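Coordinate inspection notes
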Amino acid sequence: MPAVKYQKGEKVMGRWPGSNLYYEVKVLSFDSMSQLYTVIYKDGTELELKEQDIKSAAGFQARSRSRSRSRSPGRRRSRSRSPARTTRRSSSRTAATRLKDTLEVRPSPLVISTSHSYKLKPLLMCIFLLAGAYFWLLFLPAWVLFLIIQVNLEDPSLANFPPPLPPLEAFLDAQALAFVILWIAFQAMLYILPVGKLSEGMPLMSGERLKYRTNGFFAIVVSAVVVAVALHQGLDLTYIHSHFLQLAVATFLIATLLSVYLYVRSRYAPQEQLALGGNSGNVVYDFFKGHELNPRIKDFDLKFFCEMRPGLIGWCLINFAMALAEMKQQNLEAPSNSMILVNLFQLLYVVDGLWNEEAILTTMDLMHDGFGFMLAFGDLVWVPFTYTMQAYYLVRHPNPLSFPALTAIVILKLVGFYIFRKSNSEKNAFRRNPSDPKLSYLKTIPTATGKSLLVSGWWGVIRHPNYLGDLLMALAWSLPCGFSHLLPWYYMIYFIILLVHRDSRDMSECRRKYGSAWDEYCRTVRYRIIPCVY
């Protein structure tokens, strides 16, 4: 049997799958059957690499110095040595498992090549990912516009598809654009105020930990006070309902301009500040996925700000405006019970997220995803203009609730929220510091990678209990709209599809990564939200 070239614990340079970028990794193990090394990157990502994807640290540094002194064109050198041709074959399986879902469309890194030796499967994967980027760039804005136009019809039944399009001038409104700009500027001002905690993010590839001003709860409280004062001064917030389409288009334009700015500035960013996933070399793909990981203007973190402020707090503002519009259109002295439930349920969700704002720093969005059109559109357009669809629907299509139905929906929401918050708190505390003495009571299953699988609390009852809580809350958001039409249930349907995809993806990825430890975990935690998917 040939000797293993790299030993367990050795620090080497590992190529990130689908790219020509190398980062320092530590060898965890070697599988003689598959001939794959399991390595861990500085940010905690664990992958399996072939031997040709790994270089010794000393040799890699020597080559880097030699390359920097050479004047020969990089293109000619890459053709002669062709390092990418061998490594792409080894990374195709890993790249495929990292394809994410719609709102969180996170395709793996890819490299476009004209090499004749490029194998069919990786080529098809590249075509698929590129086609996906083009598709979502066109589909996502069109879907938002469709929802707004269709739900506002007298009869929003899907039998009336396609809805009649308003004239072109109805899509654009200078006052709506000014309103959106003013709202984003106001939230930016609140974000930069020296109020609230300075929290540390997770370690980056370089080992650096960025600091974030986590004062989101302060921002929503101040926003509520300012809106109350504006109403007292005579501001008509029902403008948001009557100009909902124009506000969505204005926000889309701002998100697009922001995405262009993000891509242009990323072309001048240092290599170590680029995202691993949005570094394909294809302009459209990198524009969509996000080329730079943490774009900042001095200490102003653009990704973190957009993730938690204008869209999320704007969601609550829009819901409140819809309640006022319902009172106006239905001649009510107070909002209907259905509208009150939707407003309170979703307000609780947003306030909880802002109160626990520090937890977002451990998510994939902040840790791994670049900031491009995908996240900019999701944060600024998708969240405030699709998550408010239940309230928007109820303005023109009221749905009275009996007291027993109202009570049952409230109980469902509270149960879902408890499961969601409790399980997320357990996960975030364990992820930040598994060795914290306060977490010593938690039961875990050790893995060969050095990480442990949590099998305690809600995570010992069912796999992904946070998804279960989310699902129950989504159901409670939709029930107040009744069953007359399908569109107010779209979020529920979308979330179920999302769960099926995530469950299937997570199962295959975790089985590959953790091996026998994952089998033990599955025997310990048997229940799943989607029991039929493998």
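If you're wondering where the values come from, they're calculated on a predicted model, not measured in any experiment. Sequence positions are assigned chain by chain, starting from 1 and proceeding in written order. Only residues with pLDDT of at least 70 are given local features in this predicted model, and only at 80 or more are side-chain atom pairs given and counted; all residues enter the totals for whole chains, interfaces and linings. With hydrogens and water excluded, all non-hydrogen atoms of the structure serve as input to the side-chain values.

**Topic: helix H5 (residues 174–192)**
Rules: Helical segments are the DSSP runs of H or I of at least four residues, strand segments are the runs of E of at least two, and each set is numbered from the N terminus. Here, expected helix span is obtained from the residue count minus one, scaled by 1.5 Å. Relative accessibility under 20% of the residue-type maximum defines a buried residue, over 50% an exposed one, and the middle range a partly exposed one, all with a 1.4 Å probe and only protein chains included.
Between its terminal C-alpha atoms H5 stretches 27 Å, which fits the 27 Å expected from 19 residues at 1.5 Å a residue. All of the buried residues in H5 are Ala176, Val180, Trp183, Ile184, Phe186, Gln187, Ala188, Leu190 and Tyr191.

**Thoughts on the packing of aromatic side chains**
The test is simple: Stacked, tilted and edge-to-face are the three classes applied to pairs of Phe, Tyr and Trp rings, where Trp contributes its six-membered ring and a pair requires centres within 6.5 Å; stacked means planes under 30 degrees apart, edge-to-face means over 60, and tilted covers the rest.
Per the counting criterion, the structure on display carries 36 aromatic pairs. Summarising the aromatic geometry, the rings of Phe217 and Trp355 are spaced 4.9 Å apart at their centres and angled 85° between planes, so their arrangement reads as edge-to-face. Of this pair, Phe217 sits in helix H6 (residues 216–232) while Trp355 sits in helix H12 (residues 337–355), placing them 138 residues apart in sequence. Since its relative accessible area comes to 59%, Trp355 is described here as exposed. An aromatic cluster of three or more residues is present, and its members are Trp315, Tyr349, Trp382, Tyr387, Phe420, Trp477, Tyr491, Tyr494 and Phe495.

**Things to note about the confidence of the model for the protein**
Spelled out, the test is: As a per-residue measure, pLDDT tells how confident the predictor is, with possible values from 0 to 100. Note on definitions: a residue-residue contact is assigned when non-hydrogen atoms from the two residues lie within 4.5 Å.
In this model, the protein carries an average pLDDT of 82, and 85% of its residues clear a pLDDT of 70 or more. Under a pLDDT of 50 for its full length, residues 64–120 has, in the predicted model, 113 contacts with residues more than four places off or in other chains.

**Points about the environment of Glu357**
Of note, Glu357 is situated in the loop between H12 and helix H13 (364–367). A residue is classified by how much of its surface remains accessible, and Glu357, at 1% relative accessible area, is buried. Excluding residues within four positions of it along the chain, Glu357 makes contact with Thr214, Asn215, Gly216, Phe304, Met308 and Arg309.

**Some thoughts on the sheet that holds strand S1 (residues 11–15)**
Just so we agree on the cut-off: Any two strands with at least two DSSP-identified bridges between them are counted as paired. Where helices are involved, their axes are fitted lines through C-alpha atoms of the stretch in contact, as for all axes, and angles between N-to-C directions lie from 0 to 180°.
With antiparallel pairing, five strands are arranged side by side in an open sheet as S4-S3-S2-S1-S5. Two strands bound the open sheet, and with one partner strand each, they are strand S4 (46–49) and strand S5 (54–56). Between one strand and the next, the sheet's axes are offset by a mean angle of 45°, whatever the strand orientation. As paired strands, S1 and S5 are joined by three bridges and run antiparallel to one another. Paired with Val12 across the two strands is Ser56, which belongs to S5.

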